[in-house]
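Okay, here's what each chain looks like letter by letter:
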Amino acid sequence: MSQLFSEVTVGPHTYKNRVWIPPMCQYSAVEGMMQDWHAVHYGAFITGGAGLVIVEATSVSPEGRISAGDLGIWTDQQAQVLAEIPRFAKRHNTKVGIQIGHAGRKGSCHAPWKGGAPLTEAEGSWETIAPSAVAFEGYPTPREMTMDDINKARYQFAAAVERAVMAEFDVIEIHAAHGYLLHEFLSPISNQRTDEYGGSFENRIRLLLEIVSEARLTIPPHRSLFVRISATDWIEGGWDVEQSVALSRELKARGVDLVDVSSGGLSMRQEIPLGPGYQVPAALKIEEETGIPVSAVGLITTAAQAEEILKSGDITAVMIGRASLGNPRWAYQAAQDLGDPIPWADQYARGFVARN
Ligand SMILES: Cc1cc2nc3c(=O)[nH]c(=O)nc-3n(C[C@H](O)[C@H](O)[C@H](O)COP(=O)(O)O)c2cc1C
């Protein structure tokens, strides 16, 4: 039996395998509402054999979107439509999560296939907010958040989490990575505040910990809370793996079930040593030093590589992003490659028989 296709238990859930699909923005929502595209896109992953599928970054507010096409969960109606995804997933024995986020100073942009640049006023830009009035390179300078803004963000995250619980997602993931709002608070490069939300490590992690504590109170014990972090900014003097270890200890103490370990995205000055599994060492270190379950992501593309990573240490699951866009049923193929075939969806069973 392979590691990749073994069951794994984290918090309240047992996942049927350790192939997980990470959140991937589709920039295809209308007024924050899920569309047919999302149903087809997530449907393919859900029927494709993955143990967990995490729905893309879904914004807590209209201003918290990266683009006008981002999913939102700031209204009950948005949540009710999103609830179709967990409803479908239950019928296919697939766990499903949703990533809840706020884009901060990296909001108000075009979709990537339209260049990804910040919107102009004529194109419908909106004011972005951040811990400090420090721009992401090439972007407009955000407005420094007041205490009212910070309290409002806390409330918006809590309300969004509550709606995600109502929609019956198995996992709720707080997005604190990739240079978006909560990561902007963590990193001394983007957070230059002088009040209790900036300066020291304890102050920079404060907002995330408040949001996590409030989320944990809302999420019942039979559902999971994950946090995605950028383990390092890949910039001298920025957020780094040591701070991620210390943060993960605090997250564990507050009932977070798993840290989803990504990296980068805070500044164009980053120097990322891109290569197969380049973020795995950070995930291993966080798990080893804190004991909190972790997932690994980033340039994991083949079954053999995924299996090797799982055997190298105590990593709960690997996330397969871009490789699964090319083949949403990556798990079917990977299982076959490892000589450990998994049953396909009933409707596809004749294909399984033909290939195995
Ligand atoms: C189209 C696309 C959209 C993405 N959107 C998100 C997102 O919504 N939230 C997030 O945390 N990461 C997002 N990511 C990053 C992925 O979750 C993943 O961490 C990254 O692609 C590295 O994994 P990979 O090499 O397997 O693709 C996105 C990546 C892609 C390719």
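Up top is the structure.
Residues numbered from 1 in each chain as written. Predicted model: local features only at pLDDT ≥ 70, side-chain atom pairs only at ≥ 80, totals over all residues.

### Describing the overall build of the chain
- Within the chain, the regular secondary structure consists of 13 helices and 13 strands.
- Rg of the C-alpha trace for the chain: 19 Å, near the compact-globule value of 21 Å for 356 residues, within the 12% margin.
- In the chain, which comprises 356 residues, the share counted as buried stands at 49%. (Helix = DSSP H or I, 4+ residues; strand = E, 2+ residues; numbered from the N terminus. Rg over C-alpha atoms; globule rule 2.2 N^0.38 Å. Buried ≥ 20, exposed ≤ 12 C-beta atoms within 10 Å, placed from the backbone.)

### A short note on the site of the ligand
- What surrounds the ligand is a group of 20 residues, the closest being P22, M24, A57, G321 and R322.
- Looking at the shell around the ligand, the elements that each hand over two or more residues are strand 4 (52-59) and helix 11 (322-326).
- Considered class by class, the residues forming the shell around the ligand number 11 nonpolar, six polar and three charged. (Near = placed C-beta within 6 Å. Nonpolar A, V, L, I, M, F, W, Y, C, P; charged D, E, K, R; others polar.)

### Some points on the environment of Y15
- With respect to the element layout, Y15 can be found in strand 2 (residues 13-15).
- Under the C-beta neighbour-count criterion, Y15 is labelled buried, with 21 such atoms within 10 Å.
- Not counting residues up to four positions away in its chain, the partners in contact with Y15 are E7, V8, G51, L52, K95 and A317. (Contact = placed C-beta atoms within 7 Å.)

### Let's talk about the nonpolar core
- Within the largest apolar cluster, 98 residues are counted, with the highest numbers of intra-cluster contacts made by V53, I100, A164, I172, V259, A296 and V318.
- Of all the elements, helix 4 (residues 147-166) adds the most residues to this core, at six residues.
- In this structure, A296 is in contact with V261, Q279, V280, A283, I309, I315 and V318, ignoring residues within four places of it in sequence. (Core = buried A, V, L, I, M, F, W, Y, C linked by C-beta atoms within 7 Å.)

### Concerning the environment of S263
- Considering the arrangement of structural elements, one finds S263 in the loop between strand 11 (258-262) and helix 9 (280-290).
- Given 24 C-beta atoms within a 10 Å radius, S263 is considered buried.
- Residues S263 and E84, spaced 179 residues apart in sequence, show a C-alpha to C-alpha distance of 31 Å.
- In this structure, S263 is in contact with S230, A231, T232, W234, Q279 and A282, ignoring residues within four places of it in sequence.

### A look at the packing of helix 1 (residues 36-46) against helix 3 (residues 84-91)
- Running from N to C, helix 1 and helix 3 cross one another at 25°; their axes reach a closest spacing of 10 Å. Taken together, helix 1 and helix 3 sit at an angle that is classed as roughly parallel. Judged by the sense of rotation from one axis to the other, the crossing of helix 1 with helix 3 is right-handed. Contact residues: A39, Y42, G43 and I46 in helix 1; E84, I85, F88 and A89 in helix 3. (Axes fitted to C-alpha atoms, helices over the stretch in contact; angles between N-to-C directions. Parallel < 35°, antiparallel > 145°, perpendicular 65-115°, else oblique. Left-handed = near helix turned anticlockwise from the far one by under 90°.)

### With respect to helix 3
- Among the residues of helix 3, I85, P86 and A89 are the ones counted as buried. The arc that holds every buried residue of helix 3, seen down its axis, measures 90°, which confines them to one face. In this structure, helix 3 carries R87 and R91 as exposed residues pointing more than 90 degrees from its buried face.
- Contacts made by the buried residues of helix 3 are with helix 1, strand 4, helix 2 (76-82) and strand 6 (95-101).
- Positioned one or two residues after helix 3, N93 has a phi angle of 50°, which is positive. (Arc of directions from axis to C-beta.)

### Some details on the pairing of strand 9 (residues 171-176)
- With six of six residues buried, strand 9 lies mostly within the body of the structure.
- The alternating pattern of strand 9 places V171, E173 and H175 and I172, I174 and A176 on opposite faces, both of which are buried.
- Sheet topology places strand 6 next to strand 9; four bridges connect them, and they run parallel. Counted as the bridge partner of Q99 is E173 from strand 9. (Pairing = 2+ DSSP bridges.)

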